[in-house]
Amino acid sequence: KKVLYSGMQATGNLTLGNYLGALKNWVTLNEEYECIYGVMDLHSLTVRQNPTEFRQRARALYALYVAAGLDPEKNCIYYQSHVSGHAELSWILSCFTYMGELNRMTQFKDKAAKHADNINAGLFTYPVLMAADILLYQADVVPIGADQKQHLEITRDIAERFNSIYGDVFTIPEPYIGKVGAKIMSLQDPTKKMSKSDENPNASILLMDDPDTIIRKFKRAVTDSGCEVVYSEEKPGICNLIDIYSSVTGKTREEVEREFDGKGYGDFKLAVGEAVASMLKPLQDKYQQLLKDKKYLDSMIKMNDEKAQYYATKTLRKVQKKVGLTERI
Ligand code: TYM
């Protein structure tokens, strides 16, 4: 079986964007691949975290993966920080990555602008650690949202550079970006991506929002002064809602347009809200239940940490040998 690898940062509350852009596709691709998913806690350190909350959030993310339908007994779901190979490979790969390449990363530019008081070296080398995550497991495919595409490209460049010097060490990974839902926009400003760090609470649907909150946020979603539900460039707000609805229901854009032909924005927004709320309800229930079962989650975490460690060590030893580091006696 081919290997699928992906992960999310354990920062903030996950949004509908994280779900439709990534998590939902992970579940769909689950059967086809040997799947490995990381709770990317090392990446989260690029932004200051409150230690207690951070630890809780990382566990919550683990539970959320499982609640969304990933099976920790079949897939490997583990904590990035529990496998030291990530940091070790990241160092080696950073010696094969140019400052100029990292300087071109749009996410770094965006984050540096947002956290001007803390532009740390980790934020700059973030994509190298991400490359290490992916390459350590020899991933064939990496399902991500559109905003991570550039990071996947640099991963491929680093891997190809390394392979051209040392032979076929790394599998060159392909991105998997869904046709709908790869870029969910803010409900308050449809030219901006929906993000967990948005200050405006009405801009994002959080995966743990209750049904009333979800419906209220959709009702308040910024659209335009028109009234027809059609997918068109002049209507970025409506396009976003159509994308969300179509991703949730599996209907095509045309089918959605037809369904709401002759109906107004109000009806449409309510339908989107209801569809999202009922999609999230089972996930929320399962999540609450999982967080209560400490023993089960702990045993899954322990087993999978070991599994991940095994895969990672294999690649790491190979890389160390190739670059000429002295082998252990
Ligand atoms: P993170 O935690 O920012 O986002 C997790 C996933 O959610 C997707 N996403 C979105 N998709 C659609 N619309 C949105 N508005 C939206 N917002 C976020 C992201 O594209 C991502 O797929 N660097 C990664 C974490 C990571 C990783 C990896 C991923 C670290 N190492 C190795 C894959 C492989 C990130 O920032 O995710």
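Now for a look at the structure at hand. These numbers come from a predicted model, not from an experiment.

Digging into the packing of aromatic side chains
Here's step 1: Tallied over the full model, the rule gives 15 aromatic pairs.
Here's step 2: Ring centres of phenylalanine 108 and phenylalanine 124 lie 5.0 Å apart, and the angle between their planes is 75°; on these two criteria the pair is classed as edge-to-face. Taken together, the residues span a long stretch of sequence, with phenylalanine 108 in helix α6 (residues 106-114) and phenylalanine 124 in helix α7 (residues 121-136) at a distance of 16 residues. Across the pair, phenylalanine 124 and phenylalanine 108 agree in class, each one buried.
Here's step 3: By way of ring pairs, the aromatic residues Tyr5, Tyr78, Tyr137, Tyr310 and Tyr311 are connected into one cluster.
Here's step 4: Positioned over the ring face of tyrosine 231 is arginine 253, at 3.9 Å from the centre of the ring.

Details of helix α4 (residues 85-94)
Here's step 1: Residues of α4 that are buried include every one of Gly85, His86, Leu89, Ser90, Ile92 and Leu93, and no others. Down the axis of α4, the buried set is contained in an arc of 165°. They therefore lie on one face.

A few points about the packing of helix α1 (residues 16-29) against helix α12 (residues 265-292)
Here's step 1: The N-to-C vectors of α1 and α12 enclose an angle of 80°; their axes lie 12 Å apart at closest approach. Classified by the angle between their axes, α1 and α12 sit roughly perpendicular to one another. Of the residues in α12, those touching α1 at Leu16, Tyr19 and Leu20 are Val276, Met279 and Leu283.
Here's step 2: Class assignment for the residues of the contact of α1 with α12 results in 6 nonpolar, no polar and no charged.

Regarding the packing of helix α3 (residues 51-67) against α12
Here's step 1: Taken N-terminus to C-terminus, the directions of α3 and α12 make an angle of 130°; their axes are 9 Å apart at the nearest point. Put simply, α3 runs oblique to α12. Remark: the crossing between α3 and α12 carries right-handed chirality. Residues Arg59, Ala60, Ala63, Leu64, Val66 and Ala67 of α3 touch α12, and the partners they reach there are Leu283, Lys286, Tyr287, Leu290 and Leu291.
Here's step 2: Its residues assigned to classes, the contact of α3 with α12 shows 9 nonpolar, no polar and 2 charged.

Some remarks on the site of the ligand
Here's step 1: Taken together, 27 residues surround the ligand, and among them Gln9, Tyr126, Asp133, Asp147 and Ile184 come closest.
Here's step 2: Take asparagine 18: an N or O atom from its side chain is 3.1 Å from an oxygen atom of the ligand.
Here's step 3: In the environment of the ligand, a nitrogen atom lies 3.0 Å from a nitrogen or oxygen atom belonging to the backbone of methionine 194.
Here's step 4: Computed on the free molecule, the ligand has an accessible area of 710 Å², of which 97% lies beneath the protein chains in the complex.
Here's step 5: Of all the secondary-structure elements, those providing two or more residues to the shell around the ligand are β1 (3-9), α1 and α7.

A word on the pattern of salt bridges
Here's step 1: Under the criterion given, the structure shown has 15 salt bridges.
Here's step 2: Ionic pairing is found between arginine 57 and glutamate 53, a salt bridge with its closest N-O pair at 3.4 Å. Placement of the pair is arginine 57 and glutamate 53 together in helix α3, with a separation of 4 residues, close to one helical turn.
Here's step 3: Residue classification places arginine 57 among the partly exposed positions, given a relative accessible area of 22%.
Here's step 4: Overall, the relative accessible area of 40% leaves glutamate 53 in the partly exposed class.
Here's step 5: Note that lysine 193 is salt-bridged to aspartate 147, the shortest N-O span being 2.7 Å. Here lysine 193, found in the loop between β5 (174-176) and α9 (211-219), pairs with aspartate 147, found in the loop between β4 (141-143) and α8 (149-166); they are 46 residues apart in sequence, far enough to count as distant.
Here's step 6: The exposure class assigned to lysine 193 is partly exposed, which follows from its relative accessible area of 36%.
Here's step 7: Each of Arg59, Lys294 and Asp298 takes part in a single network of salt bridges with overlapping partners.

Quick notes on the side chain of asparagine 30
Here's step 1: Tracing the chain through its elements places asparagine 30 in the loop between α1 and β2 (34-40).
Here's step 2: Residue class for asparagine 30 comes out buried when judged on its relative accessible area of 11%.
Here's step 3: There is a polar contact of 2.9 Å between the side chain of asparagine 30 and the side chain of asparagine 75.
Here's step 4: Once residues lying within four places of it in the same chain are set aside, the contact partners of asparagine 30 are Cys35, Tyr37, Gly69, Leu70, Asp71 and Asn75.

Let's talk about the environment of glutamate 153
Here's step 1: Along the chain, glutamate 153 turns up in helix α8.
Here's step 2: The exposure class assigned to glutamate 153 is partly exposed, which follows from its relative accessible area of 36%.
Here's step 3: Along the sequence, glutamate 153 and alanine 63 sit 90 residues apart, while their C-alpha atoms lie 30 Å from each other.

Examining the environment of aspartate 140
Here's step 1: Position of aspartate 140 among the secondary structure elements: in the loop between α7 and β4.
Here's step 2: Owing to a relative accessible area of 21%, aspartate 140 belongs among the partly exposed residues under this scheme.
Here's step 3: Separated by 14 residues in the primary sequence, aspartate 140 and tyrosine 126 place their C-alpha atoms 21 Å from one another.
Here's step 4: Once you skip the residues sitting within four places of it in the chain, aspartate 140 turns out to touch Lys2, Val3, Thr171, Ile172, Pro173 and Glu174.

The rules behind the values
- Per chain, residue numbering runs from 1 following the sequence as it is written.
- Given that the model is predicted, a residue must reach a pLDDT of at least 70 before its local features are reported, and side-chain atom pairs must reach 80 or more before they are shown or counted; all residues, however, enter totals for whole chains, interfaces and linings.
- Note that water and hydrogens are dropped before the side-chain values are worked out from all heavy atoms of the structure.
- Stacked, edge-to-face and tilted labels apply to pairs of Phe, Tyr and Trp rings (six-membered ring for Trp) whose centres lie within 6.5 Å, assigned for plane angles under 30 degrees, over 60, and everything in between, in that order.
- Runs of H or I in DSSP of at least four residues are treated as helices and runs of E of at least two as strands, each being numbered from the N terminus.
- Only protein chains enter the area calculation, which uses a 1.4 Å probe; residues under 20% of their type maximum are buried, those over 50% are exposed, and those in between are partly exposed.
- Only Lys NZ and Arg CZ are tested; either one counts as a charge over a ring when it is within 6 Å of the ring centre and within 35 degrees of the ring normal.
- Here the arc refers to the set of directions running from the helix axis out to each C-beta atom.
- Helix axes are fitted only over the stretch in contact, all axes being lines through C-alpha atoms; the angle between N-to-C directions runs from 0 to 180 degrees.
- Here is the rule for angles: anything less than 35 degrees is roughly parallel, anything more than 145 is roughly antiparallel, 65 through 115 is roughly perpendicular, and the remaining ranges are oblique.
- Note on contacts: a residue pair qualifies if any of its non-hydrogen atoms lie within 4.5 Å across the two residues.
- Residue polarity is assigned by list, with Asp, Glu, Lys and Arg as charged and Ala, Val, Leu, Ile, Met, Phe, Trp, Tyr, Cys and Pro as nonpolar; anything else, Gly included, falls into the polar class.
- Crossings are classed by handedness, with left-handed meaning an anticlockwise turn of the near helix from the far one by less than a right angle and right-handed meaning a clockwise turn.
- Proximity is defined per residue: any heavy atom of the residue falling within 4 Å of a molecule or strand makes that residue near it.
- A 3.5 Å cut-off defines polar contacts: any pair of N or O atoms within that distance qualifies, except that in protein one atom must be a possible hydrogen donor and the other a possible acceptor, and neighbouring residues in sequence count only when both atoms are side-chain atoms.
- Areas reported here follow the Shrake-Rupley algorithm with a probe of radius 1.4 Å; residue values treat only the protein chains shown as occluding.
- The working definition used for a salt bridge is a side-chain nitrogen of Lys or Arg within 4 Å of a carboxyl oxygen of Asp or Glu.

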